[in-house]
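What follows is the residue order along each chain.
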Amino acid sequence: MKIGIDIGHNAPPDTGAKGIKFEDHLTTEVGLMVMEKLKALGHTVVDCKPQKVYSVKQSLVQRVNIANSARVDVFVSIHFNAFNTRAYGTEIFATSSKGRQFAKPVLTEIVKLGFFNRGIKNGFHLYVVRNTSMPAILVECCFIDSQNDMKLYNGEAMANAIVKGLTGELPPPPVEPIPDETNNPDTSVLRLQKSLNRLKISDKDDKMLDEDGDLGPATNSAIENFQTTVGIQITGVASKTTWDALNEILSKPIVRQNHAAGTLVQYLQYRLGADMDGIYGPQTELAINTFQRDTGLVIDGIIGPLTWEKLIG
Ligand SMILES: [Zn+2]
């Protein structure tokens, strides 16, 4: 398909609404991802947003002209709503029955994300919908002045929903760089519980933690166990030192003999059953070799990606 994507506004003086967030920012965020994802699925994409305009009217006229002269198969204008902070949900405008056929699955996919279904509405009053010569839809993704909608909103999910609705296909996931856990800013209780479970640090009753995001006695005792294990001050509170130690382990750095010692080596010694002195000496190397032999890895005494995988997944 040849699809015209119209990123709403973003052409001063044609600027979007303001609420908790800016419409211009969100239409750009979603629109650019929709274009990339459609291309990744093999579709031809025409960017209908004008470069430079002198009036709002001219902004709209140019969008229509770009779509009409490129003879796109369908025109998709991306917008966000704003009203009285209490209105919420998703609506799509279309005029022709063909336009409605495009609108329906897009609306269904967005509603699946949890947004209230405000339905498909007659877009006859909307310049770009009325004047484009092919089936056209204008998606009001959700309300930027609604707490409810802005909490639900995720740009990537919204873009995926639009692409799935238009094409019936889910876009391939983007190839993301492996996040560097060393600087992961997420210090939520939920991530703490997941991390401790992943690191096989149990609570005072030797149980894995419930991953419920609630800080309670079990989680506090598991934090204490972790602090004891890696040799930092035992407070039962997830301090910065605690997170630094956790994140260092989760970032799975390559560890070899004479590697700077500390909490990381002490954690490895705990897992490998070696003396927990935090120093990678011959005894630790022996324990690593044994672990590697037992798990079918190459025995090299180096904690690399494969050994980490066996230890913490
Ligand atoms: Zn708008």
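- Taking an unreviewed UniProt entry as the reference, the protein chain is identified by name as Cell wall hydrolase belonging to Mastigocoleus testarum BC008.

**Points about the pairing of strand 1 (residues 2–7)**
Then, in step 1: Counting buried positions along strand 1 yields 5 of 6 residues, so the element is predominantly enclosed.
Then, in step 2: Pairing geometry for strand 1 and strand 2 (residues 44–47), over 4 bridges, is parallel. Considered in strand 2, the bridge of isoleucine 3 is made with valine 45.
Then, in step 3: What joins strand 1 to strand 2 is helix 1 (residues 23–40), and the crossover it makes is right-handed.
Then, in step 4: Relative to strand 3 (residues 74–81), strand 1 runs parallel, the two sharing 5 bridges. What sits directly across from glycine 4, in strand 3, is phenylalanine 75.

**Considerations on the coordination of the zinc ion**
Then, in step 1: The protein atoms donating to the zinc ion are His9 (NE2), Glu23 (OE) and His79 (ND1), with metal-donor distances spanning 2.1 Å.
Then, in step 2: Written as a sequence motif, the donor arrangement for the zinc ion is H-x13-E-x55-H. Note that histidine 9 is positioned in the loop between strand 1 and helix 1 and histidine 79 in strand 3, a separation of 70 residues in sequence.
Then, in step 3: When its relative accessible area of 16% is taken as the criterion, histidine 9 is described as buried.
Then, in step 4: By relative accessible area, which is 11% here, histidine 79 ends up buried.

**A closer look at the pattern of salt bridges**
Then, in step 1: Scanning the entire structure with this criterion turns up 12 salt bridges.
Then, in step 2: When the shortest N-O distance is used, the salt bridge between glutamate 91 and arginine 118 registers 2.6 Å. Remark: arginine 118 occurs in strand 5 (residues 117–122) and glutamate 91 occurs in strand 4 (residues 90–94); sequence separation between them is 27 residues.
Then, in step 3: On the basis of relative accessible area, arginine 118 is assigned to the partly exposed category, the value being 28%.

**Description of helix 3 (residues 97–112)**
Then, in step 1: Here helix 3 is 16 residues long and its end C-alpha atoms lie 23 Å apart, about the 22 Å a rise of 1.5 Å per residue gives.
Then, in step 2: All buried positions along helix 3 are accounted for by Gly99, Phe102, Ala103, Val106, Leu107, Glu109 and Ile110.
Then, in step 3: One or two residues past the end of helix 3 sits glycine 114, with phi positive at roughly 110°.

**Side note on the pairing of strand 3**
Then, in step 1: Counting buried residues along strand 3, 8 of its 8 residues qualify, which places the element largely inside the surrounding structure.
Then, in step 2: Along strand 3, one buried face is formed by Val74, Val76, Ile78 and Phe80 and the opposite face, lined by Phe75, Ser77, His79 and Asn81, is buried too.
Then, in step 3: For strand 3 and strand 6 (residues 136–143), the ladder comprises 6 bridges, and the chain directions are parallel. The residue of strand 6 that forms the bridge with valine 76 is isoleucine 137.

**Focus: the side chain of aspartate 6**
Then, in step 1: Topologically, aspartate 6 is positioned in strand 1.
Then, in step 2: Among the polar contacts made by the side chain of aspartate 6, one reaches the side chain of serine 77 at a distance of 2.7 Å.
Then, in step 3: Excluding residues that lie within four positions of it along the chain, aspartate 6 makes contacts with Cys48, Lys49, Arg63, Phe75, Val76, Ser77, Ile78 and Val128.

**What to know about the sheet that holds strand 1**
Then, in step 1: Across the sheet, which stays open at both edges, the 6 strands sit in the order 2-1-3-6-4-5 with mixed pairing between neighbours. Across the chains shown, the open sheet's two edge strands, defined by having one partner strand only, are strand 2 and strand 5. Taking each pair of neighbouring strands and ignoring which way they run, the sheet shows an average axis angle of 20°.
Then, in step 2: Pairing analysis gives 4 bridges linking strand 4 to strand 5, with the strands arranged parallel. Its bridge partner being in strand 5, phenylalanine 93 is matched across the sheet by lysine 121.
Then, in step 3: Seen against the sheet, helix 3 touches strand 3, strand 4, strand 5 and strand 6 and runs at an angle of roughly 165° to strand 5.

**Section: the packing of helix 8 (residues 217–230) against helix 9 (residues 240–250)**
Helix-helix packing is characterised by the crossing angle of the two axes and by the distance between the axes.
Then, in step 1: In contact at an axis separation of 11 Å, helix 8 and helix 9 are set at 70° when each is read in the N-to-C sense. As summarised for this structure, helix 8 and helix 9 are arranged roughly perpendicular, according to the angle between their axes. Residue-level contacts link Ile223, Phe226, Gln227 and Val230 of helix 8 to Thr242, Ala245, Leu246 and Ile249 of helix 9.
Then, in step 2: Partitioning the contact of helix 8 with helix 9 into residue classes produces 6 nonpolar, 2 polar and no charged.

**Quick look at the packing of helix 9 against helix 10 (residues 263–272)**
Then, in step 1: Two elements in contact, helix 9 and helix 10, have axes whose closest approach is 9 Å; the angle formed by their N-to-C orientations is 65°. Judged on the interaxial angle alone, helix 10 and helix 9 are roughly perpendicular. You can see that helix 9 and helix 10 cross each other, and the crossing is right-handed. Two secondary-structure elements touch here, helix 9 through Ala245, Glu248 and Ile249 and helix 10 through Thr263, Leu264 and Tyr267.
Then, in step 2: Here the residues of the contact of helix 9 with helix 10 are counted per class, giving 4 nonpolar, 1 polar and 1 charged.

Definitions and limits used
- Going along each chain's sequence as written, the residues are numbered from 1 onward.
- The predicted origin of the model limits local features to residues at a pLDDT of at least 70 and limits the giving and counting of side-chain atom pairs to 80 or more, whereas totals for whole chains, interfaces and linings rest on all residues.
- Side-chain measures here rest on the full set of heavy atoms in the structure, leaving out hydrogens and waters.
- In this scheme, a residue with accessible area under 20% of its type's maximum is buried, one over 50% is exposed, and one in between is partly exposed, where area comes from a 1.4 Å probe on protein chains only.
- Only DSSP runs of H or I reaching four residues or more are called helices, and only runs of E reaching two or more are called strands; each is numbered from the N terminus.
- Strands are labelled as partners when DSSP assigns at least two bridges between them.
- A clockwise path from the first strand over the helix to the second, with the strands pointing away from the viewer, defines a right-handed crossover.
- For Na, K and Ca the donor cutoff is 3.2 Å, while for all other metals N, O and S atoms must lie within 2.8 Å; water is not among the atoms, so some sites may look incomplete.
- For this analysis, a salt bridge means a side-chain nitrogen from Lys or Arg found within 4 Å of a carboxyl oxygen belonging to Asp or Glu.
- How far a helix is expected to stretch is found by multiplying one less than its residue total by 1.5 Å.
- Counted as a polar contact is a pair of N or O atoms within 3.5 Å, where, for protein atoms, one must be capable of donating a hydrogen and the other of accepting one, and residues adjacent in sequence contribute only when both atoms are in side chains.
- It only takes one pair of heavy atoms within 4.5 Å for two residues to be counted as in contact.
- Only the contacting stretch of a helix is used when fitting its axis, a line to C-alpha atoms as for every element, and angles between N-to-C directions run 0 to 180 degrees.
- Should an angle fall under 35 degrees it is called roughly parallel, over 145 degrees roughly antiparallel, and 65 to 115 degrees roughly perpendicular, with every other angle called oblique.
- When residue character is reported, Ala, Val, Leu, Ile, Met, Phe, Trp, Tyr, Cys and Pro are called nonpolar, Asp, Glu, Lys and Arg charged, and the others, Gly included, polar.
- Handedness of each helix crossing follows the sense of rotation of the near helix against the far helix: counterclockwise by less than a right angle gives left-handed, clockwise gives right-handed.

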